[in-house]
Amino acid sequence: MDHADAWWSTTDPRLLERIDALLCTNRLIQAVVLLREEGPQQPPPGLFEAQDLLIERRAELDRQGLLEPPPPPLTTAQLIEKAEAVTAPIVAVEAFWDGDTQGWFVVLVAIVRRPGRHHHRFDEVRLTVLQHGGDTRLFNGQVPPWPESQQATEQGRAVAQHVSVPFHFASPAEPNDDLPRWWDTQLS
């Protein structure tokens, strides 16, 4: 019996059921909080240990066919509809890389003219997030090219053209979340 199996075998079945329900609906962070607050291990597992345990648990639930399938990616027409619904003036469409413990993904946003969390003059309205697999693709030679980057470029350009604004993607060839955003290229 490995460490994770031993851990789960000592977990109250009702708690395990609640954790599994969160994992089956792709709510890893909430499952981490629940595990650390109500789990049997004292002291509670650290953040990274809890994440690792839950990622393993989610993989087991996936092997059992219990995870909700991810929703299909939005079509370009649906993204255009989302952009048209934005009430603030759109000044650009941008794709940028971000990542978490599950791997890299591309975020596609409409940049709007209003003060935001990250910039004093501009804000972002999320259109979609694209991820076509985890980072294991790096190790088994599946990437590059990155299909989420290619999709974000194609769809982002189409949305930008439709709303008559520029499209910006600082690093379409490879993940990099340390590059200037569109608003960083604008004069203050």
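The model shown is predicted, which means the values in this text are computed figures rather than measured ones.

Caption draft 1: View of the overall build of the chain. Secondary structure summary: the chain contains seven helices and four strands in total. Sequence-ordered secondary structure for the chain, helices as α and strands as β, is α-α-α-α-α-β-β-β-α-α-β. Taken along its principal axes, the extent of the C-alpha atoms in the chain is 60 × 35 × 30 Å. When burial is assessed residue by residue, the chain has 39% of its 188 residues classed as buried.

Caption draft 2: Layout of the side chain of Ser149. Tracing the backbone shows Ser149 in helix α7 (residues 147–163). By relative accessible area, Ser149 is classed as buried at 2%. Among the polar contacts listed, one links the side chain of Ser149 to the backbone oxygen of Pro172, at a separation of 2.4 Å. Other than its neighbours up to four places away in sequence, Ser149 contacts Trp97, Val106, Phe169 and Pro172.

Caption draft 3: Seen up close, the packing of aromatic side chains. Taken as a whole and judged by the stated rule, the model has four aromatic pairs. On the numbers, 6.3 Å between centres and 85 degrees between planes, the contact of Trp97 with Trp104 is edge-to-face. Judged by its relative accessible area of 3%, Trp97 is buried. Centroid distance Trp97 to Phe169: 6.3 Å. Interplanar angle 45 degrees. Geometry classified as tilted.

Caption draft 4: Fine view of α7. Taking 1.5 Å as the rise per residue, α7 with 17 residues should run 24 Å; its terminal C-alpha atoms sit 24 Å apart, in good agreement. Buried within α7 are the following residues: Glu148, Ser149, Gln151, Ala152, Thr153, Gln155, Gly156, Val159 and Ala160. Looking one or two residues past α7, Ser164 carries a phi angle of roughly 60 degrees, positive in sign.

Caption draft 5: Region of the structure containing the packing of helix α5 (residues 76–84) against α7. At a minimum axis separation of 9 Å, α5 and α7 run at an interaxial angle of 45 degrees. By the angle between their axes, α5 is oblique relative to α7. The interaxial crossing formed by α5 with α7 has right-handed handedness. Residues Thr76, Leu79, Ile80, Ala83 and Glu84 of α5 touch α7, and the partners they reach there are Gln155, Ala158, Val159, His162 and Val163. When its residues are assigned to classes, the contact of α5 with α7 shows six nonpolar, three polar and one charged.

Quick notes on the rules
- Residues numbered from 1 in each chain as written.
- Predicted model: local features only at pLDDT ≥ 70, side-chain atom pairs only at ≥ 80, totals over all residues.
- Heavy atoms only, no water.
- Helix = DSSP H or I, 4+ residues; strand = E, 2+ residues; numbered from the N terminus.
- Buried < 20%, exposed > 50% of the residue type's maximum accessible area, 1.4 Å probe, protein only.
- Polar contact = N/O pair within 3.5 Å; in protein donor to acceptor, adjacent residues only side chain to side chain.
- Contact = heavy atoms within 4.5 Å.
- Phe/Tyr/Trp six-rings, centres within 6.5 Å; stacked < 30°, edge-to-face > 60°.
- Expected span 1.5 Å × (residues − 1).
- Axes fitted to C-alpha atoms, helices over the stretch in contact; angles between N-to-C directions.
- Parallel < 35°, antiparallel > 145°, perpendicular 65-115°, else oblique.
- Left-handed = near helix turned anticlockwise from the far one by under 90°.
- Nonpolar A, V, L, I, M, F, W, Y, C, P; charged D, E, K, R; others polar.

Remember, this is a structural readout, not a statement about activity or role.
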